[in-house]
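Observations on the three-dimensional arrangement
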Amino acid sequence: MNKSRIYILMWFFLGLFTFLLIIIGNIQIRKGYDLARETIAIHSKRIDIEGVKRGEFYDRNLQPLTGGNLDYGLYCWPKVYFTEEEKQNLEAALDKKSNEMANILGIDASRIREELNNSYQIGAEAFRFTFPLSNEQVDMLNKAAISGLFVGPVNNRYGENGFCSHLLGYVDKSNPPLGVSGLEKEYDSILNNKKTSDQLISIFDAKGAPIAGLMNKILPAADNMNNSVVLTIDKRVQSIVESAIDQTMHKGAVVVMDVDSKEILAMASRPNFSVYKIGQIEADNKEAPLCNRALTTYYPGSLFKIFITAIAIEKGLVSDDEMFECNGFYKIDEDLTITCWNHAGHGKLSFADGFALSCNPVFIEVGKRCGLKEIETYVKKMHITDSDINGYPSNGQNGKIAINNGDRALANASLGQVGVSLTPMQLCSFISTIADDGQWTTPSIIKYRIDENGQKGTEEAIKKEQVIKSETAQAIKQLMLKTVNEGTGKTAKIAEVQAAGKTGTSQTGRIDAEGQDILDTWFGGFYPADNPRWALVIINEGGESGASDAAPIFKEITSKMVKELGLID
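This structure is a prediction, so every number in the text was calculated from the model and none was measured. (Residues numbered from 1 in each chain as written. Predicted model: local features only at pLDDT ≥ 70, side-chain atom pairs only at ≥ 80, totals over all residues. Heavy atoms only, no water.)

Next up on the list: the overall build of the chain. Per the secondary structure count, the chain includes 20 helices and 22 strands. Counting only residues that meet the buried cut, the chain has 51% of its 569 residues in that class. (Helix = DSSP H or I, 4+ residues; strand = E, 2+ residues; numbered from the N terminus. Buried < 20%, exposed > 50% of the residue type's maximum accessible area, 1.4 Å probe, protein only.)

Written out as structure tokens, the structure is:
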């Protein structure tokens, strides 16, 4: 063989070797990731760990209001759970396995058998059998170490404590789940388009045997924010509110609103409820825990005196230093006398003192000066009975002011009783208008929506309306400041910052087992007094007075808000 042939062979094999290296390199480097992913996909088994496959609600700071409530559930890989021998005699194996599981879980074996059989017959790779599991069940299952069964996380949509339950509402058990109430129902079409969710992934070899170390790993969804709704709620404020009223309130509600934007930062109602006990609640609904009392109408009591004051100042019908006299009662006619809460009477006092001390005779007199026609005019002008909330469905609880003719009706209405019915939300909106120098706009609960492609929807820009003069609002703010510093609202005073507000107590027309009147107690206010940022309204059903049962709740909430949020966002 001459040298030329040797060189030809050498170059041939060198070229062939180089070509093979290029192919191998292409497979290893360029296509390696894709091939590995395809191999894993072929040999992996996945299962959703979401309790409900559905888009989430987030607060204004993108903190989740749903989801993230991890619990334990029992998962099963049917093809691993049954041995090859058991698969040959499936009926006997189903009996054995269902009894085995029933002994651990303490539930009916027939139900377990049916689900196991259905899952095996349809060739389900994996399914979640039940959740949540008790600590005892988790311990027993872990100790048993049964092949094909494992305890894994379940991402529950709702917490057991019912956080934000009245606002969010809940879903049913259909597939896909449908919103039954609250925001779950309002945004059902957006939330139910969720395509992916967090999954448990396990890797098996070519023979179907589990690979140690590659079992039951959590794979987060790539598009967790898609098909979601971002609310104006501040989770920190909502948590502060719920914690405060859990300790102090049996029935009632709290609303917190941003004075400038009129965005709702918190809305809570008591009694609370857990969505996991809806059937039990519906069977025994004596306390009406599903009722959102923040959107329920009540007699507003002395909080309505703020409205009467707004009309009187706006129309020049009263001044702060005008003197009145309170003898402890006001005689309407020969058959009707209305008492002051201070039965001994306040004596001679200015209008400013009458406001701060919530003197009934003073406000009956001022209400008469305003007259029915002006009250009706300012009801519309100040939007005090508007029930709209941007982003929230109407619940049919529309507050109204419908006062009959005559001094009796006008006197009662001036004190926020018969003829006047408003929700805590409407009152918070009204107080926010006063705090914002007389500027009103519709309250909002939604920031924006996120569609299935991750695109944010846009909400209309806020348009404010000047409904009373700025000077009128400034004068009322000073009266509310005086109430907290010197009057019935002293129990709302906090050390950290100056607050302003008004107490209220309203008769309900009901009596308790001892024959005593059942009262609703109120406090509505804002802070800081010199530069209002937040407005709050509290109603505590079944108390004695706004000063003793509602104002201290305002104090607790605002003190914690100052510590948690400071005085700037």
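Taken together, five strands build an open sheet; the order of strands is S10-S9-S22-S21-S20 and the sheet is antiparallel. Unpaired on one side and paired on the other, strand S10 (264-270) and strand S20 (500-511) mark the two borders of the sheet. Each strand axis lies, on average, 10° off the axis of its neighbour in the sheet, ignoring direction. The sheet contact formed by strand S9 (residues 252-258) and S10 spans six bridges and is antiparallel. Its bridge partner lying in S10, Ala 253 is registered against Ser 269. (Pairing = 2+ DSSP bridges. Axes fitted to C-alpha atoms, helices over the stretch in contact; angles between N-to-C directions.)

The sheet built from three strands is open, its strands ordered S2-S8-S18 with mixed pairing. In the strand order of this sheet, the two ends are held by strand S2 (57-58) and strand S18 (446-450), each with one partner. Strand direction decides the pairing type here: S2 and strand S8 (residues 228-231), joined by two bridges, are parallel. Paired with Tyr 58 across the two strands is Val 230, which belongs to S8.

In this section: the pairing of strand S22 (residues 534-543). Burial analysis of S22 places nine of its 10 residues in the buried class, the great majority of the element. Bridge analysis of S9 against S22 gives seven bridges, and the strand direction is antiparallel. Across the sheet, residue Gly 252 finds its bridge partner in S22, namely Asn 540. Two elements, strand S21 (residues 517-527) and S22, share nine bridges in a ladder whose sense is antiparallel. Bridge assignment links Phe 523 to a residue of S22, and that residue is Ile 538. Hairpin connection, S21 to S22: the antiparallel pair is bridged by six residues.

With that settled, consider helix H13 (residues 304-314). Within H13, 11 of the 11 residues are buried, which leaves the element mostly enclosed by the surrounding structure. Among all positions in H13, only Phe 304, Lys 305, Ile 306, Phe 307, Ile 308, Thr 309, Ala 310, Ile 311, Ala 312, Ile 313 and Glu 314 are buried. Positive phi shows up at Gly 316, right after H13, with a value of about 70°.

Here we come to unusual backbone geometry. A cis amide bond links Arg 270 with the next residue in sequence, Pro 271, at an omega value of 10°. Residue placement: Pro 271 occurs in the loop between S10 and helix H12 (278-283). For the peptide bond that leads from Tyr 527 to Pro 528, omega is -15°, which places it in the cis range. Position of Pro 528 among the secondary structure elements: in the loop between S21 and S22. A positive phi angle is found at Cys 164, which is not glycine, with a value near 60°. Structurally, the position occupied by Cys 164 is in the loop between strand S5 (149-156) and helix H8 (165-168). The phi dihedral of Asp 437 falls on the positive side, at around 60°, and the residue is not glycine. The topology assignment puts Asp 437 in the loop between helix H17 (424-435) and strand S17 (439-440). According to the relative accessible area criterion, Asp 437 is partly exposed, its value standing at 23%.

Across the seven residues that make up S9, a large majority, seven, are buried. Of the two faces of S9, both are covered, the one formed by Gly 252, Val 254, Val 256 and Asp 258 as well as the one formed by Ala 253, Val 255 and Met 257. A loop of five residues connects S9 with S10, the two strands running antiparallel in sequence, and Lys 262 in this loop sits at a positive phi of about 60°.

Right, let's talk about the pattern of salt bridges for a bit. Scanning the model with the defined rule gives 29 salt bridges in all. Between Lys 87 and Glu 84 there is a salt bridge, with its nearest N and O atoms 3.3 Å apart. Of this pair, Lys 87 and Glu 84 both sit in helix H4 (residues 84-88), separated by three residues, roughly a single helical turn. Classification of Glu 84 by relative accessible area gives exposed; the value is 57%. The partner of Glu 91 in a salt bridge is Arg 113, and the shortest N-O contact between them spans 2.6 Å. Pair noted here: Glu 91 is in helix H5 (residues 90-105) and Arg 113 is in helix H6 (residues 109-121), with a separation of 22 residues, a long-range link. Note on Glu 91: relative accessible area 47%, which makes it partly exposed. (Salt bridge = Lys/Arg side-chain N within 4 Å of Asp/Glu carboxyl O.)

Per-residue pLDDT for the chain averages 86, and the proportion of residues at 70 or more is 87%. A low-confidence stretch, residues 35-42 stays under pLDDT 50, and its non-local contacts, those more than four residues away or across chains, total two contacts. (pLDDT = per-residue confidence, 0-100. Contact = heavy atoms within 4.5 Å.)

Turning next to a nonpolar patch on the surface. Taken together, Phe 12, Leu 16, Phe 19, Leu 20, Ile 23 and Ile 24 make up a surface patch of nonpolar side chains, about 560 Å² in accessible area. By secondary structure assignment, the location of Ile 24 is in helix H1 (residues 3-30). (Patch = residues over 30% accessible without salt bridge, like charges linked within 9 Å, V, L, I, M, F, W, Y side chains within 5 Å. Areas by Shrake-Rupley, 256 points an atom, 1.4 Å probe, with all protein chains shown as cover.)

Viewed as axis vectors pointing N to C, H13 and helix H18 (residues 470-486) meet at an angle of 135°, and their least axial separation amounts to 9 Å. In terms of orientation, H13 and H18 fall into the oblique class. Once H13 is placed against H18, the crossing between them reads as right-handed. Judged by residue contacts, Ile 306, Thr 309, Ala 310, Ile 313 and Glu 314 of H13 engage Thr 472, Ala 475, Ile 476, Leu 479 and Met 480 from H18. Looking at side-chain class alone, the contact of H13 with H18 contains seven nonpolar, two polar and one charged residues. (Parallel < 35°, antiparallel > 145°, perpendicular 65-115°, else oblique. Left-handed = near helix turned anticlockwise from the far one by under 90°. Nonpolar A, V, L, I, M, F, W, Y, C, P; charged D, E, K, R; others polar.)

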